[in-house]
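One letter stands for each residue in the lines below.
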Amino acid sequence: QVQLVESGGGLVQAGGSLRLSCAASGRTFSTSAMGWFRQTPGKEREIVGAISRDSVTYYANSVKGRFTISRDNAKNTVYLQMISLKPEDTAVYYCVQAGQFGAVLHGRSDYWGQGTQVTVSP
């Protein structure tokens, strides 16, 4: 059973930075695709970014150039570095894991974390 634990969320002013971390349990991390989604009340969950087992990355247009996803297989951890944050980035951010990159991109991940709140003040 895989467990995903996010950390690093918090309150930051617009223009600031945060780095989210997601620690994964289990032995399948290095062969899995990972990703980050976010959700605000009343809106559908949306993909932020994804990284394949070979470190190919994908970003939503809304975060491209500001967010960077990376992974450390030795630590079973995936990161989301966020800079130039905007109030519209405020959301609960979820870490996901799946066997296939396409599954992450289409929201069909096998495992989801509990989420971490990111709040960006004007």
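Look up a bit, the structure's there.
Residues numbered from 1 in each chain as written. Predicted model: local features only at pLDDT ≥ 70, side-chain atom pairs only at ≥ 80, totals over all residues. Heavy atoms only, no water.

Trainee: Looking at this structure, I do not really get the sheet that holds strand β1 (residues 4-7). What am I missing?
Mentor: Strand order in the open sheet made by the four strands is β1-β3-β8-β7, with antiparallel pairing throughout. Looking along the sheet, the strands with just one partner apiece sit at the ends: β1 and β7 (67-72). Pairs of neighbouring strands in the sheet enclose a mean axial angle of 15 degrees, with direction left out of account. Relative to strand β8 (residues 77-82), β7 is paired through six bridges, and the arrangement is antiparallel. Residue pairing for β8: Ser70 is matched across the bridge by Tyr79. (Pairing = 2+ DSSP bridges. Helix = DSSP H or I, 4+ residues; strand = E, 2+ residues; numbered from the N terminus. Axes fitted to C-alpha atoms, helices over the stretch in contact; angles between N-to-C directions.)

Trainee: Sorry, what's going on with the pattern of salt bridges here?
Mentor: Side chains that differ in sign of charge can pair as their charged atoms come close. Under the criterion given, the structure shown has three salt bridges. The partner of Arg38 in a salt bridge is Asp89, with the nearest N and O atoms 3.0 Å apart. In this pair, Arg38 is assigned in strand β4 (residues 33-39) and Asp89 in the loop between β8 and β9 (91-98), connecting sequence segments 51 residues apart. One exposure class covers both Arg38 and Asp89, and it is buried. Residues participating in the shared-partner salt-bridge network are Arg38, Glu46, Arg66 and Asp89. (Salt bridge = Lys/Arg side-chain N within 4 Å of Asp/Glu carboxyl O. Buried < 20%, exposed > 50% of the residue type's maximum accessible area, 1.4 Å probe, protein only.)

Read these as geometric descriptors, not functional statements.
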